[in-house]
Every structure is written in C-alpha cells, then in structure tokens.
Amino acid sequence: MRTYQPSEIEPKWQAVWQERRMHRTDEDRDKPKFYALEQFPYPSGEGLHMGHVRVYTIGDVIARFKRMNGYRVLHPMGADAFGLPAENAAIQRGVNPREWTLKNMKRIREEQARLGVSYDWERYVGTCLPDYYKLTQWLFLLFYERGLAYREKAAVNWCPTCNTVLANEQVENGLCWRCDSEVTKKELEQWFLRITDYADRLLEGLDRLPKWPDKVKAMQRNWIGRSEGAHVTFTIPELDHEKVTVFTTRPDTLFGVTYLVLAPEHPLVPQLIRGKENESIIADFIERMRKESEITRTAADAEKVGYFTGAYAQHPLTGEKVPIWVANYVLMDYGTGAVMGVPAHDERDFLFARKYDLPIRVVIRPEEGVTDELTEAYTGEGKLVNSGDFNGLNNREAIKAIARHLEEKGLGGPTVNYRLRDWLISRQRYWGCPIPIVYCDDCGIVPVPKEQLPVLLPEDVVFDGKRNPLTTSETFVHTECPRCGKSARRETDTMDTFIDSSWYFFRYTDAHNEDMPFDPDKVKDWLPVDEYIGGIEHAVLHLLYSRFFTKVLYDAGLVPVDEPFTSLLTQGMVLKDGAKMSKSKGNVVSPMEIVEKYGADTARMFILFAAPPERDLEWSDAGVEGSYRFLNRVWRMVEQHASLFEQRPAPDTTSREAQELNRLRHRTVKKVTEDVNERYHFNTAISAIMELVNGIYAYPEDADRGTLADAIETVVLLLAPFAPHITEELWQRMGHQDSVHAQSWPTFDPAALVQNEVEIAVQINGKVRDKVVVPAEADKSEVEALVMKLDRVQTLLEGKTVRKVIVVPRKLVNIVAN
Ligand code: ANZ
Ligand code: ZN
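Residues numbered from 1 in each chain as written. Chains lettered and ligands numbered in written order. Predicted model: local features only at pLDDT ≥ 70, side-chain atom pairs only at ≥ 80, totals over all residues. Heavy atoms only, no water.

1. Some points on the overall build of the chain
No. 1: Each helix and strand in the chain was counted, giving 27 helices and 34 strands.
No. 2: Seen through its C-alpha atoms, the chain measures out along the principal axes to roughly 110 × 80 × 50 Å.
No. 3: Within the span of the chain, comprising 818 residues, buried residues form 55% of the whole.
No. 4: A sequence separation of at least 24 residues applies to 72% of the contacts in the chain between residues at least 6 apart.
No. 5: In the chain, the 103 positive side-chain charges and the 122 negative ones have mean positions that sit 2 Å from each other. (Helix = DSSP H or I, 4+ residues; strand = E, 2+ residues; numbered from the N terminus. Buried < 20%, exposed > 50% of the residue type's maximum accessible area, 1.4 Å probe, protein only. Contact = heavy atoms within 4.5 Å. Lys, Arg positive; Asp, Glu negative; His and termini not counted. Charge placed at Lys NZ, Arg CZ, Asp CG, Glu CD.)

2. Some points on the nonpolar core
What tends to happen in soluble globular proteins is that the nonpolar side chains get buried as a cluster.
No. 1: By size, the foremost hydrophobic cluster in this structure holds 178 residues, and its most contacted members are W423, F548, W619 and F722.
No. 2: Ranked by the residues each element gives to this core, the list is headed by helix 2 (residues 50-68), at 10 residues.
No. 3: Built from parts of two domains, this core gets at least three residues from each of domain 1 (147-198 + 422-497) and domain 3 (621-753).
No. 4: Contacts of W619, omitting those with residues within four sequence positions, involve M50, V574, L575, K576, M581, V589, I594, F606, I607 and V624. (Core = buried A, V, L, I, M, F, W, Y, C linked by side-chain atoms within 4.5 Å. Domains from an automatic or database assignment.)

3. What about helix 23 (residues 705-719)?
Think of an α-helix as 3.6 residues a turn; residues three or four steps apart then line up on the same face.
No. 1: Here helix 23 contains 15 residues, and its C-alpha end-to-end distance of 21 Å stays within 8% of the 21 Å for a straight helix at 1.5 Å per residue.
No. 2: Burial within helix 23 is extensive, with 14 of its 15 residues counted as buried.
No. 3: N-cap assignment for helix 23: the residue whose side-chain oxygen lies 3.5 Å from the backbone N of G706 is D704. (Expected span 1.5 Å × (residues − 1). Polar contact = N/O pair within 3.5 Å; in protein donor to acceptor, adjacent residues only side chain to side chain.)

4. Details of the UniProt feature "binding site: ATP" (unreviewed entry) in the chain
No. 1: In the numbering used here, UniProt assigns the "binding site: ATP" (unreviewed entry) feature to K583.
No. 2: Apart from the residues lying within four places of it in its own chain, the contact partners of K583 are E46 and V588. (UniProt positions renumbered as here; feature names shortened; annotations may be inferred.)

5. Concerning the coordination of the zinc ion (ligand 2)
No. 1: Distances from the zinc ion (ligand 2) to its protein donors, C440 (SG), C443 (SG), C481 (SG) and C484 (SG), fall within 2.0 to 2.5 Å.
No. 2: Around the zinc ion (ligand 2), the 4 donor atoms are arranged such that angles at the metal cover 99 to 123°; this shape is classified as tetrahedral. (Donors = N, O, S within 2.8 Å, 3.2 Å for Na, K, Ca; no water. Tetrahedral: all angles 85-135°; square planar, octahedral: opposite > 155°, others 65-115°.)

6. Section: the site of ligand 1
No. 1: What surrounds ligand 1 is a group of 16 residues, the closest being S227, T248, L331, Y334 and H345.
No. 2: Between Y334 and ligand 1, the recorded distance is 2.4 Å, taken from a side-chain N or O atom to an oxygen atom.
No. 3: For ligand 1, whose accessible area on its own is 650 Å², the fraction buried by protein is 83%.
No. 4: Of the residues belonging to the shell around ligand 1, the class tally is 8 nonpolar, 5 polar and 3 charged. (Near = heavy atom within 4 Å. Areas by Shrake-Rupley, 256 points an atom, 1.4 Å probe, with all protein chains shown as cover. Nonpolar A, V, L, I, M, F, W, Y, C, P; charged D, E, K, R; others polar.)

7. Comments concerning the sheet that holds strand 9 (residues 184-193)
No. 1: Here 4 strands make up an open sheet; going across it, the order is 6-5-9-19 and the pairing antiparallel. Edge positions in the sheet fall to strand 6 (164-166) and strand 19 (423-424), since each of these pairs with one other strand and no more.
No. 2: Here strand 9 pairs with strand 19 via 2 bridges, running antiparallel. What sits directly across from L193, in strand 19, is W423. (Pairing = 2+ DSSP bridges.)

8. Examining the pairing of strand 34 (residues 812-817)
No. 1: Where strand 31 (residues 757-764) and strand 34 come together, 4 bridges link them in parallel fashion. From the neighbouring strand, I764 faces strand 34, where its bridge partner is I815.
No. 2: The sheet contact formed by strand 33 (residues 802-808) and strand 34 spans 6 bridges and is antiparallel. Across the sheet, the residue bridging to V807 is V813, located in strand 34.
No. 3: The turn linking strand 33 back onto strand 34 is made up of 3 residues, and R810 within it adopts a positive phi angle of 65°.

9. Describing the side chain of E639
No. 1: By the element assignment, E639 lies in helix 20 (residues 621-640).
No. 2: Residue E639 is classed as buried on the basis of its relative accessible area of 6%.
No. 3: In this structure the side chain of E639 is engaged in a polar contact, spanning 2.7 Å, whose partner is the side chain of R733.
No. 4: If we skip the residues at most four places from it in the chain, E639 touches M1, R2 and R733.

10. Details of the environment of L568
No. 1: With respect to the helices and strands, L568 occurs in strand 27 (residues 568-570).
No. 2: C-alpha of L568 to C-alpha of D357: the two residues are 211 residues apart in sequence and 53 Å apart in space.

11. Notes on the pairing of strand 14 (residues 321-327)
No. 1: Counting buried positions along strand 14 yields 6 of 7 residues, so the element is predominantly enclosed.
No. 2: Here strand 12 (residues 259-262) pairs with strand 14 via 3 bridges, running parallel. Counterpart to L262 in the pairing with strand 14 is V326.
No. 3: Of the pairings in the sheet, the one linking strand 13 (residues 306-314) to strand 14 comprises 6 bridges and is antiparallel in character. The residue of strand 14 that forms the bridge with Y307 is V326.
No. 4: Here strand 13 hands over to strand 14 after 6 residues, with G319 in that stretch at a positive phi of 75°.

12. Considerations on the packing of aromatic side chains
No. 1: Summed over all chains, the structure comprises 45 aromatic pairs.
No. 2: Residues Y598 and Y628 carry aromatic rings whose centres are separated by 5.3 Å and whose planes lie at 70° to one another, so their mutual orientation is edge-to-face. Here Y628 lies in helix 20 and Y598 lies in helix 18 (residues 591-598), a separation of 30 residues in the sequence.
No. 3: On the basis of relative accessibility, which here comes to 8%, the residue Y598 falls in the buried class.
No. 4: Consider the rings of F682 and F722, whose centres lie 6.3 Å apart with planes at 75°: the pair is edge-to-face. Of this pair, F682 sits in helix 22 (residues 682-697) while F722 sits in the loop between helix 23 and helix 24 (724-733), and the two are 40 residues apart along the sequence.
No. 5: Taken together, the aromatic side chains of F40, Y504, F505, F506, Y508, F518, Y532 and F565 make up a single cluster linked through ring pairs.
No. 6: In this structure, R72 packs its charged tip against the face of W526, placed 4.8 Å from the ring centre. (Phe/Tyr/Trp six-rings, centres within 6.5 Å; stacked < 30°, edge-to-face > 60°. Lys NZ or Arg CZ within 6 Å of the ring centre and 35° of its normal.)

Set out below in structure tokens:
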C-alpha cells in the first residue's frame, strides 16, 4: 500500500493541469456562465500570507464546484502591481521599482499555483505592465471626454511621510492609511474624478444588492452621507449686500439663529475682517486651521474655538442683525462652509454660545416641559414658537414649510448635501500610471491622443525620497504639444492605484485586447461577477470606486451592467493566539512552510474546516494535524479498496447495512451540495464528508461491495473542490483516465434518503435496557407494541405495573413501571 505523499503528488498534478491547460476558461456558450473572482494581491516582497490563502481557497472551491455542476467558469488572477512600497524599496535598496515588482509578481504567482488554485493563467493581468496601463490611460481619457476628470486647486490631504496627497477615503481617523502618519493639508492643483455626480446612483444601486453584506452597504451609505436640508441665504449689508449661504438640516430653527459661523478658509472671511479689531488674530487662526486635518478639528472632544469677525449679516426673514464668527468646527468642504448658529437646538452651537456668551433663543418647544432656561440644547421634536407666521406648526412640517417659503422668496430652498467628495486621483509618485495629459502654453491642458498611448514611465529618474521622481526625468517632462507641436510639459502626477483596480475585473474577460480595455461583447458575456471575495477593509475604497467606474462605463455604453458584483463575500481574518496574524505581532504562520510540511490540500482543508468564510478563523496546529490525518484516512480508504475498482461489482442494497451506507451516501451528497451552493458553509460540508468516511470504515467486511465502491467514489468526488490534488491522484488510482475535476457533481436520489428502519433505545424508568430496530414509519402504538414484546423487556417488567409508556419517534421508548 502506498503512503500519502503530498509533496510528490501535488507538484505532479499541478504540472499536468498546466500542460493540459485544464483551467483555461470554458467558452462553451451552451453552458450557463459563472464568474468567480478573488481580489488580486498587491505583490509585496513577502509573498503570500494566510489571509491570501484563505481568499483563494474559498474562491477555488466555488469555481471548481460550479464547473462540476455544469457551468463555464471564469476564474482569473492578476496583480495590483503599482504602488508605494515598490518605490520605497527603490529608495531604500537602490533597486528599480519595476524589477522589484516583477520579481514579486513572479513569486506570488508561483505560490498561488502551489496552492492548486484553478486560475486561468492565460488571462493574467498585471496593472503595472504597459499593455494594461495603456488602457488605464485610455479610460482616464474617456472620463476626461465625459467631463468626469478635472483639475483644480484645492486644499488636499497630504501625507508628509509618503510625500504625496491622499484621497479622503485613504485618510483613516486623521492618519495615512498606509503609514499611519498624521495627515496635514496642502493647497495643490490636482486631478479629480467627479464621483459626486454619481452619489445618488451609488446609493440607489445598493438597494439592488441583496447579496452584499449589510455592513458594507451601511459603510458605503454612511460614506456617501446623503443629507436632506435647505440652503438659506443671508446678506451682508456692509459688503454691498454680498450673499452668504448656509446649509442646514433644520430650517425649522431659522428663527432661533443668533449668529453665523464661517469656516476659517471661507472666501468671504478676508473681506469681512479687513480693518477690524480681530483682523490679525483671525489671519493667524486661518493659517493654523489650513494645516490641521478635519478629524482633529471636529473631534468630539476638540475645544471649539472661534472669533467674531466684527461684521454682521441680515436675517432673511426677520431682517435682524446677526454677528458673523469664524470657528474651527465649521469645515470648508462640507455643505457651503457656512453655518447658521442655533444654540437652543444644536449641541455644538450650544457649547459655542455658552463659551462666547452669545444669545440662546428657543424656537421649538415640546408639548410640555423645557422652559426657556436651557441647560443643554433641545434637539427633539415640538411646536414652533417665536417664529412669526410659523408659530404653532409642528417642527416636522415646519422644515418643509420654511424651506418652501425661502424658495418662493429666492432666499434659498430645499437641497440635498453629500459627505462624499470628488475622488482626488493625483499622486506625486513614480510607480503608478502616468496621467496622459500635456500642458502647453498656448493650448492649455491637452489630452494625449489615444493613438499615442501608452505614456510610458521613463527610466532616467532619480529616487531620492525628496520629490516626485518623474519630475527629474528630462526626457519625460519635456515633450511636444499634441495639438500645436510646440514644446510643452508633461503632467508628472501618476494616478491613484485604486484606479487600476477599478476596472481589472472587466479586463479579465478580454485580457489581450491591445486597442481597447475590453470588447464590450465579452464583458456582456461574463459580467456581472457572480461571486466576489475579498476583505472588508476595501468597503469605501475599492468597492465604491469599482461601482463608480462601472456606472461611468455603463453610461458610455461599454458595459451592460451598472453594478459589477452581484454577490460579495467578505472573508474573516486569520488569527493566531486570538490576534490577527501580523509581522509586528510575531505570530505569522508561513503558508509555504505549511504547504511544504503537509501539502496544499491539508492547508486548504484546514482553512475551510476551521470556520465559515465570513467569520474570523483561529489558526491551530492541532487543527492542521487533524486535517492532515483526515486526508490520510481518505487515502488509506481508497488504497485498501483499490482492487474493488478493477472490476466494479454492481451495487445491491437489499441488506440493511448496504441500505444504510447507500442512504448515508445520498444524504451526504445532499448536505454537501446544499452547504456549498450559495451558502458556502464549507465547514459543515466537510464534516458531512467526514461522516461518510466514518460510515465507510464501519461498513462490515462481508457487506455488499458494489455499494461500498459507490460510497468511496462519492467521497472522492465530493472532496475534489476542497482538496484537488489528493482526489485527482485517488481518482486515477481508481482506474480513471480523465480528471476528477472534469466529472459531474454527484446527485442524490430523494427516494434513497428515506430511512426504512431505525434503531431506537429502550428504557425502563429512564435507564437504557435494550435496543431494537423498528420500521422508520411505524407510529407510536406500533412501536410500543413491538417494544413490549421484547424478551428482555418482559423479563425486566415481571411483577411490575406499567404506569406509562413514552415514545419519542425514531429515538427511544421509555417505560415507566413500579
Ligand atoms: C442649523 C442647525 C440647527 C443645524 C439645529 C443642526 C441642528 P449633517 O446631518 O451631517 O448633514 N453644518 C453644516 N455645514 C457645516 C460645516 N461645513 N461644518 C460644520 N457643520 C456644518 O449636518 C448638517 C448640520 O451640520 C447643519 O444643520 C449645520 O447645522 C451643520 F438645531 O444648521 B445645522
Ligand atoms: Zn499647444
């Protein structure tokens, strides 16, 4: 008998699969399609970690399962290969980012292959390769043509460590998402994508994604932050009746306004303070605020600081004089950058008014309670008071009534505000996709014509960590204007790498197209992605950006869907000793070491068995050993009975044992099929297979061999998506020429599931005294009659009176007697 040696059979089968091009995408259009996608990795220098192994394994089980169920499956892989670490490696080690990245890409690809994942490598996509980024540039130009890419000077998030700007989505609690440095603000001319044009559609689309986790949808909704309210226009008499508009969600409180607050950066502030007492103090304050991030400024515990500008506005409805202040808690890039202060009904305004001794005027009163002497803001519902013609109205109605009234009078009106900002995509770094734009003194901003793409990354650059390396390349910066031919200057910003990953899932459908990002017909054939597997950390980054890209391409008529991912599976973390595996915690288990020691099949089995996909998974050496033992058990099971498959006997299920094993086999097929399909409960599916294996080991030597052979074969087929190598080897051992992965998924016969007989326990006064086999469908009285006739029962009951007989169908009978 041969022993199980994964280190031999796994590389062997991987080579065979590769040679037979087994995982090439099936193009048979008679079959239903299934697009299974795992987020592609960033090719860091460390190779794969367990989190990767988990994602790929989950995706691979789904892909293999679907293939065996008659689908043509697209299951591709690539590398998200632009980005800062490559450039930092270049600075630290003096290696070229390209070489560093290509080397890592190769390594990651080898490790992925070593896991036995069934990718169609012929569709491999690397975002840093010129044939790919040429088309990223093509798409940028499409956005530009459609008015969705624009350049603007703005106060942007700046990471002083990474030496580059960040999108809002890349600032987490005021810190850089990559390096955790405190983010500051900087004024720069930058490129933006107009994602805010799509805010409503990005919200609406979420309602059509029932197979996305609620948590991710909630995060996106919150990020988009739609807020209904009103604009209210105040005038400033001393500035020649200049207008200042505020955004409020509470127009019902308009009569309670006792001051206005502008963001320090508000463009009217310099005019308002000119020649006033506080001019120089406020000027300093503005400078300080410009550099401080929003998070620091608006943190709940941050002290509210403000100054009176010395100027007044006029209330739109009462005509009253309202002092104008500037304060840190009002942000320039939310709403209009100006707020009406209603201290009686807004907590922040209340604190501010208390601190600076501004009047507090109640305009909403609940049915009872709350006098005019407030100790905190009253933010609840109620009736309007001190509000002119609106007195007595319920405040819910007043919100609408006052907004409408303002609109009629041309003083504002209902509006919707979003938290979402346009996507800042400029990065002052080398290792990214160059923005295909040229600046000409005569022609201004000139897009590079599509025929001239790609704008290649130059080689003659200096990496000193002090400036954008692209600015050091003479050959790159100096160019000709594509329009007039005069000498011109190339844009040196590169694109945020999240652009590269916003369209890669389309590229896989047509990975070698040189002229276009993809052929729309091919996208039409494969999209949407039926199952997308990846981490929740991308909830408001990649997953939002990809939806945005898809909607733009939909509007351009290039793709037939406006939502790219029908179903989203966010896998849990891999923990060790209760903490996330990470280098800094020193608790990392190296996937390749596990693969070397136990084989990829064991690693896959353990990961799938230890927890359902969405849950966190606790690494356990004992668990890995357990999976390894199980595979050995399966191996021995086939080895022991290998001769059965030389001349396969026809099954005969007349005996009770054969009937039982047959029933167990059908039940297992049903259970595994249901668990894997849609629900992805791989752990319980594997448990069911284990039970079938136990049933096979317990099967008597002299019972029917044909039934046994069927059961063994079923184990191998059911296990194939989970442990692809061992099953392939055993399948061959069972005498087959073709691949186990090309077989149809086993089916079950509902009739065979019906249990004809069951064994039940017989208790007397709660103690088990005997066991008996009864017809499964027997009713309570029939079971009772059978039990009472048993010799052992009759002996034990001698001289006693039966008081009660309790029958639990299919389980037990308890006789109460004394
Ligand atoms: C007056 C008022 C009275 C307000 C009241 C609230 C309660 P959301 O829901 O987040 O959209 N606000 C508007 N623009 C701001 C800015 N740039 N910086 C800081 N705060 C700003 O919040 C909208 C509310 O936040 C607005 O409604 C405004 O305060 C404030 F009893 O206006 B409210
Ligand atoms: Zn020109």
